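These are the residues of each chain, in order.
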Amino acid sequence: MKKTLVSALTTALVVGAASTTFAAANPFSDVPADHWAYDAVSQLAADGVIEGYGDTTFRGNQNITRYEMAQMIAKAMAKTDVSAADKALIDKLAAEFSDELNNLGVRVSNLERNADNVKWNGQARYRYWSQRYENEKGSKDKKNADQMNFRLEPSAEVNNNWHVKARIDAFTDPSKDTDATVKLVRVWAQGDYKNFQVKLGKLPFYSTETAGMLLDNQFSGAQVTFGNQLKLTAEAGRWNLNNAINQSAIYKAAVAKDEKDNLLYGDDAASYQGIGLNGTAGKFYGGAAYRHFQSDLFKHVNEVKESYKSYKGYKANTDEADIWSVGAGYTFDKNWNINGGYAKNEKADRFGTAHNIQLNYKGAQKANKGSWGAYTAYRYMGGNVAFAPTYETFLGNGVNNVKGWEVGTEYVPFTNVTAAAYYFNGKKLDNNNDAELLFGRVNFWF
(Lines give C-alpha, C1' and ligand atoms only; values in the text may rest on other atoms or scores of the structure.)
Protein backbone atom coordinates (compact mmCIF):
# COMPACT_ATOMS: atom_id res chain seq x y z
CA MET A 1 0.00 0.00 0.00
CA LYS A 2 2.88 2.33 0.85
CA LYS A 3 4.54 1.77 -2.51
CA THR A 4 1.21 2.17 -4.31
CA LEU A 5 0.62 5.61 -2.78
CA VAL A 6 4.19 6.77 -3.18
CA SER A 7 4.44 5.60 -6.77
CA ALA A 8 1.23 7.37 -7.75
CA LEU A 9 2.39 10.59 -6.13
CA THR A 10 5.78 10.32 -7.73
CA THR A 11 4.34 9.86 -11.20
CA ALA A 12 2.15 12.96 -10.89
CA LEU A 13 4.80 15.19 -9.38
CA VAL A 14 7.61 14.25 -11.74
CA VAL A 15 5.48 14.57 -14.87
CA GLY A 16 3.86 17.81 -13.73
CA ALA A 17 6.89 19.61 -12.36
CA ALA A 18 10.03 18.45 -14.16
CA SER A 19 11.12 20.15 -17.36
CA THR A 20 12.86 18.45 -20.29
CA THR A 21 16.18 19.52 -18.83
CA PHE A 22 15.43 17.77 -15.56
CA ALA A 23 14.29 14.63 -17.36
CA ALA A 24 17.49 14.40 -19.34
CA ALA A 25 19.64 13.59 -16.33
CA ASN A 26 18.79 12.77 -12.72
CA PRO A 27 21.76 13.38 -10.40
CA PHE A 28 20.19 11.79 -7.33
CA SER A 29 20.62 8.26 -6.05
CA ASP A 30 17.75 5.90 -5.21
CA VAL A 31 16.00 5.93 -1.84
CA PRO A 32 15.99 2.37 -0.43
CA ALA A 33 12.55 0.80 -0.13
CA ASP A 34 13.02 0.34 3.62
CA HIS A 35 13.93 4.01 4.21
CA TRP A 36 11.87 5.71 6.95
CA ALA A 37 10.85 8.42 4.45
CA TYR A 38 8.43 5.96 2.80
CA ASP A 39 6.49 5.66 6.05
CA ALA A 40 6.49 9.43 6.53
CA VAL A 41 5.25 10.17 3.00
CA SER A 42 2.61 7.44 3.25
CA GLN A 43 1.32 9.03 6.46
CA LEU A 44 1.16 12.45 4.79
CA ALA A 45 -0.77 10.90 1.90
CA ALA A 46 -3.21 9.24 4.29
CA ASP A 47 -3.74 12.59 6.03
CA GLY A 48 -4.47 14.30 2.72
CA VAL A 49 -1.41 16.55 2.83
CA ILE A 50 -0.15 15.05 -0.43
CA GLU A 51 -2.68 13.99 -3.04
CA GLY A 52 -2.25 11.17 -5.53
CA TYR A 53 -3.19 10.97 -9.18
CA GLY A 54 -3.33 8.35 -11.93
CA ASP A 55 -4.33 4.71 -11.47
CA THR A 56 -2.53 4.41 -8.06
CA THR A 57 -0.62 1.27 -9.20
CA PHE A 58 3.04 0.58 -8.53
CA ARG A 59 4.81 -0.21 -11.79
CA GLY A 60 7.55 -2.65 -10.82
CA ASN A 61 9.51 -3.03 -7.64
CA GLN A 62 12.02 -0.24 -8.27
CA ASN A 63 13.11 2.29 -5.68
CA ILE A 64 12.25 5.96 -6.17
CA THR A 65 15.01 8.55 -6.47
CA ARG A 66 15.93 11.23 -3.98
CA TYR A 67 14.90 13.77 -6.60
CA GLU A 68 11.40 12.27 -6.73
CA MET A 69 11.21 12.19 -2.95
CA ALA A 70 12.28 15.85 -2.81
CA GLN A 71 9.46 16.73 -5.19
CA MET A 72 6.91 15.18 -2.85
CA ILE A 73 8.40 16.89 0.18
CA ALA A 74 8.37 20.27 -1.58
CA LYS A 75 4.71 19.75 -2.40
CA ALA A 76 3.99 19.01 1.25
CA MET A 77 5.97 22.08 2.36
CA ALA A 78 3.66 24.25 0.25
CA LYS A 79 0.68 23.27 2.39
CA THR A 80 -0.10 25.50 5.37
CA ASP A 81 -3.27 23.96 6.83
CA VAL A 82 -1.61 20.87 8.32
CA SER A 83 -1.66 19.35 11.80
CA ALA A 84 1.25 19.66 14.22
CA ALA A 85 2.11 15.98 13.72
CA ASP A 86 2.19 16.32 9.94
CA LYS A 87 4.21 19.54 10.22
CA ALA A 88 6.80 17.65 12.29
CA LEU A 89 6.99 14.91 9.62
CA ILE A 90 7.43 17.51 6.87
CA ASP A 91 10.20 19.27 8.80
CA LYS A 92 11.99 15.97 9.39
CA LEU A 93 11.78 15.06 5.71
CA ALA A 94 12.95 18.52 4.66
CA ALA A 95 16.03 18.20 6.88
CA GLU A 96 16.86 14.77 5.43
CA PHE A 97 16.54 15.95 1.80
CA SER A 98 17.70 19.56 2.26
CA ASP A 99 20.40 19.37 -0.42
CA GLU A 100 17.99 18.14 -3.04
CA LEU A 101 15.39 20.71 -2.05
CA ASN A 102 17.88 23.56 -2.17
CA ASN A 103 19.33 22.39 -5.45
CA LEU A 104 16.13 22.00 -7.40
CA GLY A 105 12.92 20.79 -5.82
CA VAL A 106 11.90 23.74 -3.65
CA ARG A 107 12.44 26.20 -6.46
CA VAL A 108 10.11 24.28 -8.76
CA SER A 109 7.47 23.75 -6.07
CA ASN A 110 7.56 27.39 -4.99
CA LEU A 111 6.81 28.47 -8.56
CA GLU A 112 3.87 26.05 -8.64
CA ARG A 113 2.68 27.19 -5.24
CA ASN A 114 2.76 30.86 -6.18
CA ALA A 115 0.78 30.16 -9.34
CA ASP A 116 -1.78 28.11 -7.41
CA ASN A 117 -2.19 30.74 -4.70
CA VAL A 118 -2.87 33.75 -6.93
CA LYS A 119 -6.52 33.65 -7.91
CA TRP A 120 -8.17 35.96 -10.42
CA ASN A 121 -11.81 36.95 -10.66
CA GLY A 122 -13.30 39.65 -12.79
CA GLN A 123 -15.99 40.90 -15.09
CA ALA A 124 -16.63 42.81 -18.29
CA ARG A 125 -19.74 44.96 -18.19
CA TYR A 126 -21.68 47.50 -20.20
CA ARG A 127 -23.87 50.12 -18.51
CA TYR A 128 -26.36 52.62 -19.94
CA TRP A 129 -28.12 55.58 -18.29
CA SER A 130 -31.01 57.56 -19.78
CA GLN A 131 -31.95 60.48 -17.56
CA ARG A 132 -34.97 62.77 -17.83
CA TYR A 133 -35.26 65.80 -15.57
CA GLU A 134 -37.27 69.00 -15.35
CA ASN A 135 -35.25 72.18 -15.86
CA GLU A 136 -35.86 75.59 -14.32
CA LYS A 137 -38.23 76.53 -17.15
CA GLY A 138 -40.45 73.53 -16.46
CA SER A 139 -39.56 71.60 -19.61
CA LYS A 140 -37.88 68.20 -19.77
CA ASP A 141 -34.19 67.80 -20.57
CA LYS A 142 -32.60 64.52 -21.61
CA LYS A 143 -29.16 63.12 -20.86
CA ASN A 144 -27.89 59.74 -22.06
CA ALA A 145 -24.58 58.11 -21.19
CA ASP A 146 -22.98 54.69 -21.45
CA GLN A 147 -19.80 53.03 -20.24
CA MET A 148 -17.77 49.88 -20.73
CA ASN A 149 -15.78 48.52 -17.80
CA PHE A 150 -13.24 45.72 -17.52
CA ARG A 151 -12.40 44.68 -13.94
CA LEU A 152 -9.81 42.32 -12.48
CA GLU A 153 -9.77 41.28 -8.80
CA PRO A 154 -6.66 39.26 -7.88
CA SER A 155 -6.19 37.62 -4.49
CA ALA A 156 -2.73 36.34 -3.53
CA GLU A 157 -2.07 34.07 -0.55
CA VAL A 158 0.78 35.19 1.71
CA ASN A 159 0.33 32.51 4.36
CA ASN A 160 -2.49 30.67 6.08
CA ASN A 161 -3.88 33.89 7.58
CA TRP A 162 -2.86 36.71 5.26
CA HIS A 163 -3.83 37.57 1.70
CA VAL A 164 -3.14 40.55 -0.56
CA LYS A 165 -6.15 41.65 -2.59
CA ALA A 166 -6.70 44.29 -5.26
CA ARG A 167 -9.10 45.71 -7.82
CA ILE A 168 -8.03 47.00 -11.23
CA ASP A 169 -10.58 48.86 -13.34
CA ALA A 170 -10.46 50.00 -16.95
CA PHE A 171 -13.19 52.36 -18.23
CA THR A 172 -14.04 53.59 -21.70
CA ASP A 173 -16.87 55.60 -23.28
CA PRO A 174 -18.13 53.59 -26.30
CA SER A 175 -20.17 56.51 -27.67
CA LYS A 176 -16.94 58.48 -28.15
CA ASP A 177 -14.70 55.46 -28.79
CA THR A 178 -12.23 56.75 -26.19
CA ASP A 179 -9.15 54.88 -25.05
CA ALA A 180 -9.61 53.12 -21.74
CA THR A 181 -8.32 54.64 -18.52
CA VAL A 182 -6.81 51.98 -16.26
CA LYS A 183 -6.69 52.46 -12.48
CA LEU A 184 -5.51 50.45 -9.52
CA VAL A 185 -8.62 51.22 -7.50
CA ARG A 186 -7.91 49.08 -4.42
CA VAL A 187 -4.99 47.18 -2.94
CA TRP A 188 -4.87 45.93 0.63
CA ALA A 189 -3.46 43.25 2.92
CA GLN A 190 -6.05 41.21 4.82
CA GLY A 191 -5.44 39.05 7.87
CA ASP A 192 -8.16 36.57 8.84
CA TYR A 193 -8.15 34.97 12.29
CA LYS A 194 -10.79 33.35 14.44
CA ASN A 195 -13.38 36.05 15.21
CA PHE A 196 -10.91 38.76 14.11
CA GLN A 197 -10.02 40.40 10.81
CA VAL A 198 -7.67 43.26 9.90
CA LYS A 199 -7.32 45.15 6.60
CA LEU A 200 -4.53 47.59 5.72
CA GLY A 201 -4.13 49.67 2.55
CA LYS A 202 -6.60 51.15 0.08
CA LEU A 203 -9.57 49.02 0.95
CA PRO A 204 -13.34 48.71 0.42
CA PHE A 205 -15.48 51.44 1.99
CA TYR A 206 -19.03 50.14 2.51
CA SER A 207 -21.90 51.13 4.82
CA THR A 208 -22.88 47.58 5.83
CA GLU A 209 -25.59 48.65 8.29
CA THR A 210 -27.57 50.38 5.50
CA ALA A 211 -26.71 47.88 2.72
CA GLY A 212 -24.63 50.50 0.92
CA MET A 213 -27.13 53.36 1.08
CA LEU A 214 -24.38 55.80 2.15
CA LEU A 215 -21.12 54.39 0.83
CA ASP A 216 -19.78 51.90 -1.68
CA ASN A 217 -16.28 53.13 -2.48
CA GLN A 218 -12.71 52.80 -1.14
CA PHE A 219 -10.51 54.67 1.36
CA SER A 220 -6.87 54.54 2.43
CA GLY A 221 -6.32 53.39 5.99
CA ALA A 222 -6.99 50.49 8.34
CA GLN A 223 -9.99 48.45 9.45
CA VAL A 224 -10.34 45.89 12.23
CA THR A 225 -13.37 43.65 12.86
CA PHE A 226 -14.11 41.58 15.98
CA GLY A 227 -16.81 38.98 16.53
CA ASN A 228 -18.79 36.35 14.70
CA GLN A 229 -22.58 36.74 14.54
CA LEU A 230 -22.23 40.14 16.22
CA LYS A 231 -19.37 42.09 14.65
CA LEU A 232 -17.74 45.32 15.81
CA THR A 233 -15.82 47.19 13.10
CA ALA A 234 -13.51 50.18 13.62
CA GLU A 235 -11.76 51.98 10.77
CA ALA A 236 -9.75 55.14 10.15
CA GLY A 237 -7.84 56.80 7.34
CA ARG A 238 -8.28 59.27 4.49
CA TRP A 239 -11.05 59.48 1.90
CA ASN A 240 -10.78 61.56 -1.27
CA LEU A 241 -13.97 63.57 -1.61
CA ASN A 242 -13.67 63.47 -5.39
CA ASN A 243 -14.92 59.92 -4.92
CA ALA A 244 -18.13 61.28 -3.42
CA ILE A 245 -20.25 60.85 -6.51
CA ASN A 246 -22.93 63.20 -5.18
CA GLN A 247 -20.44 66.00 -4.62
CA SER A 248 -21.92 67.96 -7.53
CA ALA A 249 -25.31 67.78 -5.84
CA ILE A 250 -23.80 69.11 -2.63
CA TYR A 251 -22.29 72.06 -4.47
CA LYS A 252 -25.44 72.84 -6.44
CA ALA A 253 -27.46 72.88 -3.25
CA ALA A 254 -25.09 75.34 -1.62
CA VAL A 255 -23.98 77.85 -4.25
CA ALA A 256 -24.94 79.45 -7.52
CA LYS A 257 -23.41 78.05 -10.69
CA ASP A 258 -20.89 80.89 -11.19
CA GLU A 259 -19.61 80.45 -7.60
CA LYS A 260 -19.07 76.69 -7.70
CA ASP A 261 -15.48 76.82 -8.94
CA ASN A 262 -14.48 78.83 -5.87
CA LEU A 263 -15.07 75.75 -3.72
CA LEU A 264 -12.53 73.58 -5.50
CA TYR A 265 -9.56 74.34 -3.29
CA GLY A 266 -8.16 73.03 -0.05
CA ASP A 267 -7.53 69.40 0.87
CA ASP A 268 -9.78 67.12 -1.18
CA ALA A 269 -8.97 64.16 1.09
CA ALA A 270 -10.98 64.14 4.31
CA SER A 271 -9.66 62.53 7.47
CA TYR A 272 -12.02 59.77 8.52
CA GLN A 273 -12.87 57.67 11.58
CA GLY A 274 -15.77 55.28 11.92
CA ILE A 275 -17.20 52.53 14.10
CA GLY A 276 -20.05 50.13 13.41
CA LEU A 277 -21.89 47.19 14.96
CA ASN A 278 -23.67 44.59 12.81
CA GLY A 279 -25.28 41.29 13.70
CA THR A 280 -27.72 38.54 12.76
CA ALA A 281 -30.31 36.68 14.81
CA GLY A 282 -32.25 34.05 12.89
CA LYS A 283 -34.07 35.75 10.03
CA PHE A 284 -33.34 39.23 11.36
CA TYR A 285 -30.21 41.29 10.73
CA GLY A 286 -29.34 44.85 11.62
CA GLY A 287 -26.66 47.33 12.56
CA ALA A 288 -25.68 50.88 13.50
CA ALA A 289 -22.68 53.05 12.76
CA TYR A 290 -21.07 56.43 13.39
CA ARG A 291 -18.70 58.09 10.90
CA HIS A 292 -16.74 61.32 11.23
CA PHE A 293 -15.18 63.23 8.31
CA GLN A 294 -13.13 66.43 8.40
CA SER A 295 -12.08 68.56 5.43
CA ASP A 296 -12.05 72.21 4.42
CA LEU A 297 -14.44 71.35 1.62
CA PHE A 298 -17.26 70.82 4.11
CA LYS A 299 -16.55 74.24 5.60
CA HIS A 300 -16.66 75.95 2.20
CA VAL A 301 -19.98 74.39 1.33
CA ASN A 302 -21.57 75.61 4.54
CA GLU A 303 -20.37 79.18 4.48
CA VAL A 304 -20.61 80.36 0.90
CA LYS A 305 -24.15 81.59 0.45
CA GLU A 306 -25.37 84.47 2.57
CA SER A 307 -29.05 83.66 2.12
CA TYR A 308 -28.56 80.25 3.74
CA LYS A 309 -27.75 81.91 7.06
CA SER A 310 -31.46 82.49 7.61
CA TYR A 311 -32.16 78.81 7.09
CA LYS A 312 -33.23 77.08 10.31
CA GLY A 313 -30.37 75.12 11.82
CA TYR A 314 -27.64 76.82 9.74
CA LYS A 315 -24.12 75.90 10.94
CA ALA A 316 -21.49 78.16 9.40
CA ASN A 317 -17.75 77.41 9.24
CA THR A 318 -18.21 73.68 9.79
CA ASP A 319 -15.42 71.58 8.31
CA GLU A 320 -16.88 68.31 9.62
CA ALA A 321 -19.50 65.74 8.79
CA ASP A 322 -20.85 63.59 11.66
CA ILE A 323 -23.06 60.82 10.34
CA TRP A 324 -25.20 58.42 12.39
CA SER A 325 -26.88 55.53 10.60
CA VAL A 326 -29.02 52.49 11.40
CA GLY A 327 -30.40 49.72 9.25
CA ALA A 328 -32.20 46.41 9.49
CA GLY A 329 -33.63 43.62 7.38
CA TYR A 330 -35.78 40.54 7.66
CA THR A 331 -35.88 37.38 5.52
CA PHE A 332 -39.42 35.98 5.28
CA ASP A 333 -38.59 32.87 3.26
CA LYS A 334 -36.33 31.76 0.39
CA ASN A 335 -38.02 34.22 -1.98
CA TRP A 336 -38.88 37.34 0.00
CA ASN A 337 -36.87 39.75 2.15
CA ILE A 338 -37.05 43.39 3.13
CA ASN A 339 -34.41 45.88 4.31
CA GLY A 340 -34.19 49.53 5.15
CA GLY A 341 -31.97 52.21 6.63
CA TYR A 342 -31.83 55.74 8.00
CA ALA A 343 -28.92 58.19 8.27
CA LYS A 344 -28.38 61.76 9.42
CA ASN A 345 -25.46 64.17 9.09
CA GLU A 346 -25.54 66.22 12.28
CA LYS A 347 -23.36 68.95 10.73
CA ALA A 348 -25.30 69.45 7.49
CA ASP A 349 -27.42 72.54 6.96
CA ARG A 350 -29.60 71.00 4.26
CA PHE A 351 -30.12 67.60 2.62
CA GLY A 352 -28.57 65.94 5.65
CA THR A 353 -30.87 62.90 5.97
CA ALA A 354 -31.32 59.77 3.90
CA HIS A 355 -33.67 56.82 4.25
CA ASN A 356 -34.53 53.82 2.17
CA ILE A 357 -36.79 50.77 2.22
CA GLN A 358 -36.55 47.94 -0.30
CA LEU A 359 -38.58 44.77 -0.89
CA ASN A 360 -36.78 41.99 -2.77
CA TYR A 361 -38.15 38.92 -4.55
CA LYS A 362 -35.89 35.97 -5.35
CA GLY A 363 -32.51 36.90 -6.83
CA ALA A 364 -30.38 36.36 -9.91
CA GLN A 365 -27.57 33.85 -9.30
CA LYS A 366 -24.97 34.17 -12.04
CA ALA A 367 -24.01 30.49 -11.91
CA ASN A 368 -27.67 29.43 -12.27
CA LYS A 369 -28.98 29.95 -15.81
CA GLY A 370 -32.58 31.14 -15.84
CA SER A 371 -32.57 32.54 -12.29
CA TRP A 372 -33.93 36.03 -11.79
CA GLY A 373 -34.94 38.57 -9.18
CA ALA A 374 -36.89 41.80 -8.79
CA TYR A 375 -37.27 44.62 -6.26
CA THR A 376 -39.19 47.77 -5.48
CA ALA A 377 -37.87 50.55 -3.26
CA TYR A 378 -38.51 54.04 -1.95
CA ARG A 379 -35.41 56.18 -1.58
CA TYR A 380 -34.82 59.61 -0.02
CA MET A 381 -31.20 60.47 -0.78
CA GLY A 382 -29.95 63.68 0.84
CA GLY A 383 -26.78 64.72 -1.01
CA ASN A 384 -24.99 65.82 2.19
CA VAL A 385 -25.17 62.36 3.77
CA ALA A 386 -25.53 59.75 1.00
CA PHE A 387 -22.08 60.53 -0.38
CA ALA A 388 -21.45 57.46 -2.57
CA PRO A 389 -24.42 55.05 -2.52
CA THR A 390 -24.25 51.61 -4.06
CA TYR A 391 -27.38 52.11 -6.18
CA GLU A 392 -26.45 52.32 -9.86
CA THR A 393 -29.29 54.73 -10.58
CA PHE A 394 -27.42 57.17 -8.30
CA LEU A 395 -23.91 56.75 -9.73
CA GLY A 396 -21.99 59.44 -11.60
CA ASN A 397 -24.24 59.43 -14.65
CA GLY A 398 -27.42 58.98 -12.63
CA VAL A 399 -29.66 61.17 -10.52
CA ASN A 400 -28.76 62.41 -7.03
CA ASN A 401 -30.11 64.49 -4.15
CA VAL A 402 -33.58 63.12 -4.88
CA LYS A 403 -36.54 61.24 -3.45
CA GLY A 404 -38.78 58.77 -5.22
CA TRP A 405 -39.65 55.20 -6.19
CA GLU A 406 -37.45 52.68 -7.92
CA VAL A 407 -38.12 49.24 -9.44
CA GLY A 408 -35.70 46.80 -10.99
CA THR A 409 -35.14 43.29 -12.26
CA GLU A 410 -32.15 41.08 -13.06
CA TYR A 411 -31.96 37.89 -15.13
CA VAL A 412 -29.36 35.22 -15.98
CA PRO A 413 -29.78 34.31 -19.69
CA PHE A 414 -26.58 32.25 -19.72
CA THR A 415 -24.29 30.90 -17.01
CA ASN A 416 -22.13 33.74 -15.63
CA VAL A 417 -23.95 36.35 -17.72
CA THR A 418 -26.41 38.73 -16.02
CA ALA A 419 -28.69 41.42 -17.46
CA ALA A 420 -30.41 44.09 -15.36
CA ALA A 421 -32.84 47.00 -15.85
CA TYR A 422 -33.76 49.62 -13.19
CA TYR A 423 -36.16 52.58 -13.31
CA PHE A 424 -36.33 55.54 -10.90
CA ASN A 425 -39.05 58.20 -10.79
CA GLY A 426 -39.10 61.02 -8.25
CA LYS A 427 -38.32 64.63 -7.35
CA LYS A 428 -35.19 66.71 -6.85
CA LEU A 429 -34.78 67.76 -3.20
CA ASP A 430 -33.46 71.25 -3.93
CA ASN A 431 -36.26 72.44 -6.27
CA ASN A 432 -38.91 69.69 -6.28
CA ASN A 433 -38.55 69.28 -10.04
CA ASP A 434 -39.25 65.92 -11.67
CA ALA A 435 -36.39 63.48 -12.07
CA GLU A 436 -36.45 60.03 -13.68
CA LEU A 437 -33.85 57.60 -14.93
CA LEU A 438 -33.73 54.32 -16.84
CA PHE A 439 -30.65 52.16 -16.30
CA GLY A 440 -29.48 48.99 -18.03
CA ARG A 441 -26.49 46.70 -17.48
CA VAL A 442 -25.00 43.48 -18.90
CA ASN A 443 -22.23 41.65 -16.97
CA PHE A 444 -19.93 38.87 -18.14
CA TRP A 445 -18.36 37.22 -15.07
CA PHE A 446 -15.19 35.13 -15.02
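Right above here is the structure, for reference.
The structure presented is a predicted model; accordingly, all values stated were derived computationally and were not measured.

As for the overall build of the protein
Alright, step 1. Helix and strand counts for the protein come out as eight helices and 18 strands.
Alright, step 2. Split into buried and exposed, the 446 residues of the protein put 42% on the buried side.
Alright, step 3. Taking the contacts inside the protein whose residues are at least 6 apart along the sequence as the reference set, 60% of them involve residues at least 24 apart.
Alright, step 4. Counting every atom, the protein has about 22700 Å² of accessible surface; 54% of that belongs to carbon and sulfur.

Topic: unusual backbone geometry
Of all residues except glycine, most have a negative phi; of all peptide bonds, most are trans.
Alright, step 1. The backbone of Phe-351 sits at a positive phi, close to 55 degrees, despite the residue not being glycine.
Alright, step 2. Position of Phe-351 among the secondary structure elements: in the loop between strand E13 (336–345) and strand E14 (353–362).
Alright, step 3. Among the residues examined, Phe-351 registers a relative accessible area of 13% and is labelled buried.
Alright, step 4. At Asn-416, a residue that is not glycine, the phi angle is positive and equals roughly 65 degrees.

Brief notes about the pairing of strand E8 (residues 216–227)
Alright, step 1. Sheet analysis places strand E7 (residues 196–206) next to E8, joined by 11 bridges and oriented antiparallel. Opposite Gly-201, over in E8, you have Gly-221 as the bridge partner.
Alright, step 2. From the end of E8 to the start of strand E9 (residues 230–240), which pair antiparallel, there are two residues.

Parameters at a glance
Residues numbered from 1 in each chain as written. Predicted model: local features only at pLDDT ≥ 70, side-chain atom pairs only at ≥ 80, totals over all residues. Heavy atoms only, no water. Helix = DSSP H or I, 4+ residues; strand = E, 2+ residues; numbered from the N terminus. Buried < 20%, exposed > 50% of the residue type's maximum accessible area, 1.4 Å probe, protein only. Contact = heavy atoms within 4.5 Å. Areas by Shrake-Rupley, 256 points an atom, 1.4 Å probe, with all protein chains shown as cover. Pairing = 2+ DSSP bridges.

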